[in-house]
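Residue-level listing of the chains:
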Amino acid sequence: MDKISLKAMGKINLALDVLGRRENGYHDVRMIMQSVQIYDRLTISKSREAGITVTTNRSYLPTDQGNLVYQAAKLLIDEFKITEGIHIELKKFLPVAAGMAGGSSDAAAVLYGMNRMFRLGLSGNDLMKRGVKIGADIPFCIMRGTVLSEGIGEILTPLTPAPSCHVLIAKPGINVSTRYVYEKLDSCPINDHPDIDGMLAAIDASDFYAMAGKLGNVLEQITKAEYPVIGEIESVMLSHGAAGAAMSGSGPTVFGLFDDEEKALAAYDLLKEGHLAKQIYLTKFFNTHRRQEENHAGL
Ligand code: ATP
């Protein structure tokens, strides 16, 4: 196999709680992660010249070790002493620095794809152990689907797929640094923890309305205080029939869950007309956990 094409799925956080901060700066989290059907496209090909080259349709992204796909490729090249070169073509469609784990998902796709291309024989767990060295969300991005994520993001429990619905995703035209939001959180008391156990029960019971009623994210108090547009987008979604709306990750992306596509489309139009969001997507959950033995040609 000299070439492989992969989809790197984005995610939203149905719930995100922070339990504490470790001495090394990492945070202990408890999150319910959900893949969505918006993705970047990667093509990895072998090249005769040794080394890693990256091209991307987003000129502002680094193409050297600053890019997470580069770091993922380098990790496997160094460990397995791969002598052939690698070219990664990254077509970004996911919003960048948005709380949708775009970079992590790209890196996860590289680990997964190179494992297949070079027949490295690594299991999903082996890939996740390596992925977490690059980024805390990478293990989830390898697994995908509906997942409870604990520890710093490396303790994963796959869940029953969350009940299907229409997901409206809106990213305002601001960029938020994940590191900044976590640092700010460390100096603030957390007043309102999401009911993760309640959400787990709702998902287990396939109860869409109970699930949508329990969306919550402790990072929202930080990001929303600085960027009121997050609250404004949520209000538009809720007043147009969303059963729930919340911020994803450290933001600024906001998502709303709808039981009806027409309502979601009406909210989509309104957000567009009001220029509240720069990027808007109407999508659905992606609910296939990635398994090692799957044939992912084209995925
Ligand atoms: P998370 O939800 O994990 O916090 P995010 O959506 O907030 O992720 P990313 O889109 O992954 O953030 O990107 C954050 C930063 O990482 C960007 O500012 C960018 O410069 C850098 N970066 C490195 N590699 C990538 C990549 N492949 N795609 C996007 N950003 C990347």
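A quick note: this is a predicted structure, and the numbers were derived from the prediction, not measured. Each residue is numbered by its place in its chain's sequence as written, counting from 1. Reporting of local features is limited, given that this is a predicted model, to residues whose pLDDT is at least 70; pairs of side-chain atoms are given and counted only at 80 or more, and all residues count toward the totals for whole chains, interfaces and linings. Only heavy atoms go into the side-chain values, all of them from the structure, while hydrogens and water stay out.

**A short note on the pairing of strand β1 (residues 3-21)**
Here's how the labels work: a residue is buried when its accessible area is under 20% of the maximum for its type, exposed when over 50%, partly exposed in between, all with a 1.4 Å probe on protein chains only. In this description a helix means any DSSP run of H or I spanning at least four residues, a strand means any run of E spanning at least two, and both kinds are numbered starting from the N terminus. With respect to burial, β1 is a largely interior element, 14 of its 19 residues being buried. The pairing of β1 with strand β2 (residues 27-47) spans 17 bridges and is classified as antiparallel. Looking at the pairing, Lys-11 lines up with Ser-35 of β2. One requirement defines pairing of two strands: DSSP has to find at least two bridges between them. With antiparallel pairing between neighbouring strands as the criterion, β1 and β2 make up a hairpin whose turn holds five residues, including Gly-25 at a positive phi of roughly 95°. Sheet topology note: the β1/strand β8 (residues 216-217) ladder contains two bridges and is parallel. Across the sheet, Ala-15 pairs through a bridge with Gly-216, a residue of β8.

**A closer look at the domain arrangement of the protein chain**
Partitioning the protein chain into domains gives domain 1 (3-159) and domain 2 (166-283). Any two residues having at least one pair of non-hydrogen atoms within 4.5 Å are treated as being in contact. Listed by partner, the interface residues are 27 residues for domain 1 and 35 residues for domain 2. Defined in terms of a 1.4 Å probe, buried area is the accessible area two parts forfeit on being brought together, summed over both. Regarding the contact of domain 1 and domain 2, the summed buried area is about 2300 Å², with carbon and sulfur atoms giving 65% of it. Salt bridge, as applied in this entry: a Lys or Arg side-chain nitrogen positioned within 4 Å of an Asp or Glu carboxyl oxygen. One can count two salt bridges joining domain 1 with domain 2. With its nearest N and O atoms 3.1 Å apart, the salt bridge here joins Asp-186 to Arg-21. N or O atoms within 3.5 Å of each other form a polar contact, as long as, within protein, one can give a hydrogen and the other can take it, and as long as residues adjacent in sequence are counted only when both atoms are side-chain atoms. Taken together, the connections running from domain 1 to domain 2 amount to 13 residue pairs in polar contact (both at pLDDT 80 or more). Of all elements in the fold, only β1, β2 and β5 (146-151) reach the threshold of two or more residues within the side of domain 1 that touches domain 2. The dominant element in the side of domain 1 that touches domain 2, judged by the number of residues it contributes, is β1, at nine residues. Grouping the amino acids of the side of domain 1 that touches domain 2 by side-chain chemistry returns 18 nonpolar, five polar and four charged. Per the annotation, domain bounds derive from an automatic or database assignment of domains. In the scheme used here, Gly and all other residues not listed as nonpolar or charged are polar, with Ala, Val, Leu, Ile, Met, Phe, Trp, Tyr, Cys and Pro taken as nonpolar and Asp, Glu, Lys and Arg as charged.

**Comments concerning the pattern of salt bridges**
Inspection of every chain in the model, using the stated rule, returns 15 salt bridges. We note a salt bridge from Glu-89 to Lys-91, for which the minimum N-O separation is 3.9 Å. In this structure, the salt-bridge partner of Asp-106 is Lys-92, at a minimum N-O distance of 2.7 Å. Residue Asp-106 is found in helix α2 (residues 102-117), and its partner Lys-92 is found in the loop between β4 (85-91) and α2; the two are separated by 14 residues along the sequence. Grouping residues by exposure puts Asp-106 and Lys-92 together as buried. Residues joined by salt bridges that share partners form a network here, namely Arg-30, Glu-150 and Asp-197.

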